[in-house]
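# Structure at a glance
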Amino acid sequence: MGVMTEIKVPDIGDFKSVDVIEVLVKAGDTVAAEQSLITVESDKATMEIPSSAAGVVRELRVKTGDKVAEGTVIMVVEATDAAAPGPAPAVSAPVAAPVAAPVAAPPTPAPAPALMVSSAPATATPGTSARMTEAPTLPSGPAQPGSPQSAASLPHASPSVRKFARELGVDLTAVTGSGPKGRIVQEDVQAFVKSALAGGGRPAAPVAGEGSGLSLLPWPKVDFARFGPVDVQPLSRIKKISGANLARNWVMIPHVTSNDEADVTDLEAFRVELNRENAKAGPKLTMLAFIIKACVAALRRYPEFNASLDGDSLVYKRYFNIGFAADTPNGLVVPVIRDADRKGIFEIAQETTTLSARAREGKLAAADMQGGTFSISSLGGIGGTSFTPIINAPEVAILGVSRSAMKPQWDGSAFQPRLMLPLSLSYDHRVIDGAAGARFNAFLVQVLGDMRRTLL
Ligand code: CAO
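The following refers to the structure shown. (Residues numbered from 1 in each chain as written. Predicted model: local features only at pLDDT ≥ 70, side-chain atom pairs only at ≥ 80, totals over all residues. Heavy atoms only, no water.)

### Re the side chain of Glu 395
Defined as follows: Helix and strand definitions follow DSSP, with helices as H or I runs of at least four residues and strands as E runs of at least two, each counted in order from the N terminus. When a residue's accessible area, from a 1.4 Å probe over protein chains only, is under 20% of the maximum for its type it is buried; when over 50% it is exposed; and in between it is partly exposed. Under this rule, positive means Lys or Arg and negative means Asp or Glu; His and the chain ends count for nothing. In what follows, salt bridge is the name for a side-chain nitrogen of Lys or Arg lying within 4 Å of a carboxyl oxygen of Asp or Glu. In the analysis that follows, any N or O atom pair within 3.5 Å is treated as a polar contact, provided that within protein one partner can donate a hydrogen and the other can accept it, and provided that, for residues neighboring in sequence, both atoms belong to side chains.
In this structure, Glu 395 sits in the loop between β17 (374–378) and β18 (397–401). Despite its burial, Glu 395 remains without a salt bridge, the nearest opposite charge being carried by Lys 317 at 6.7 Å. Of the polar contacts made by the side chain of Glu 395, one reaches the side chain of Ser 375; its length is 2.7 Å.

So, in structure tokens, the structure goes:
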């Protein structure tokens, strides 16, 4: 039986307690001196801890997720003749494979005594036997093609994962990390390769002219607390769900937003008059209720706006369910007025009032938000002159409404003060041509200018 040696975490500089994020060997493995045993991570850095002795791993004392500090025993190694230090340790062997992607991590440096494979400048206290890799802070803009990527813009991954990616020719900037703080783990690289192979693509970065995936850079990681005090609040459940939907819709739908203005002077006077007459009896008539009715008329006239894409087909819906964005303390929700074509202005006004109250109380049922065919996002009560509403997939268009304002309008002989309502129509350009978008808006302008047109 050989001599048993405890392998301990060495002096790791300023880092008192760090997380074990990878264990690179298992009981029974033969390790060489300087071979990386575990990867640890602090708030700001990752590092691999090398073995200070050669031998066979007899006892593993740490696992992924443990916290370790200087002096923590990582494992017990039994010295054997066969385990003499070799030039090519199993885990940190120099990488012979070429780096396929131009922005992959730089090649592995020549092995240095007691230093791990690292692709970033060392920041550990001199004399320690572990080299630190600063957790990358990524630029918000894209890397310049062909330019070497600085250590500060490297994706967040441990050195062994970088090595693994290099061996497979994977550009880590194209891989989404599933580990804590978005760290890329080995499984992410494997999943990336599998999906690239399944799609017939290549794991390396896309080449100009090839129609491949988005290949986005990982999200910038910034230690905000370095620049001043911060508060961290978890996102609400609604924000998480709506955020994921908005992000998908924004990147997958080619949006075009067409802006116009409707003269609602007469309509507003009519609305105010009706509200005065019905002050005690009915619900308050809102501009939104009239806009919903006007949209139904426009959707009847231009049915492709009331449709959804289904593969290579367009599904035209013969019902008119109009969603409206409601701002709530917990985030945005879109309740739906069903069969708005069969409802009068008072009924629609009553429903929008009830649904938005329920939305603010967090009491909407799932069914209240389903089956929409077209949406309206009205910010008119708040302000603004125009904006780009994001299409609520699988719908193909959404109308944004901003604050109406008195503006001078030329009537052919003089300027007249008129109440103008800004309309911002976003539509899916795969389904709707620019001319159709402008026509839809122009029709809405006509209808809102004279609601009698809804009778036609
Ligand atoms: N221009 C000027 N004033 C307007 C207006 C417009 N386009 N629309 C409404 N207003 C005024 C109303 O006249 C009313 O004023 P008074 O209180 O003096 O009568 C006030 O704004 C409130 O309007 P309202 O009671 O009619 O409510 P609404 O129908 O405009 O809004 C709702 C209801 C649910 C749409 C709104 O509460 C809301 O949540 N809006 C935000 C939607 C949102 O967040 N969209 C962004 C999504 S991202 O695309």
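From this point, things continue past the structure.
### Considering the packing of aromatic side chains
For any pair of aromatic rings, geometry is given as the distance between the ring centres together with the angle between the planes. To be explicit about the condition: Between the rings of Phe, Tyr and Trp (Trp by its six-membered ring), a pair exists once the centres lie within 6.5 Å; its type follows the angle of the planes, with under 30 degrees stacked, over 60 edge-to-face, and the other angles tilted.
On inspection of all chains with the given rule, the structure shows 7 aromatic pairs. Where Trp 410 meets Phe 415, the ring centres are 4.8 Å apart and the plane angle is 65°; that geometry is what we call edge-to-face. Aromatic rings pair up to connect Tyr 302, Phe 305, Phe 374, Phe 440 and Phe 443 into one cluster.

### What about the sheet that holds strand β3 (residues 30–31)?
How we decide: When DSSP finds two or more bridges between a pair of strands, those strands are recorded as paired.
Ordered by their spatial adjacency, 4 strands build an open sheet running β1-β8-β6-β3, and the pairing between neighbours is antiparallel. Edge positions in the sheet fall to β1 (4–8) and β3, since each has one partner strand and no second. With 2 bridges joining them, β3 and strand β6 (residues 55–60) adopt antiparallel strand pairing. From the neighbouring strand, Thr 30 faces β6, where its bridge partner is Val 56.

### Some remarks on the pattern of salt bridges
Overall, the coordinates contain 18 salt bridges when judged by the stated rule. Salt-bridge contacts for Glu 6 lead to Arg 61; the nearest nitrogen and oxygen are separated by 3.7 Å. A residue pair is termed long-range when its members are at least 10 positions apart, and Glu 6 in strand β1 and Arg 61 in the loop between β6 and β7 (67–68) qualify at 55 residues. Relative accessible area serves as the criterion here: at 41%, Glu 6 is assigned to the partly exposed category. For Arg 61, a relative accessible area of 38% translates into the label partly exposed. Lys 407 is paired through a salt bridge with Glu 261; the nearest N and O atoms lie 2.3 Å apart. Placement of the pair is Lys 407 in strand β19 (residues 405–410) and Glu 261 in strand β10 (residues 255–263), with a sequence separation of 146 residues. Look at Lys 407 and you get partly exposed, because its relative accessible area is 31%.

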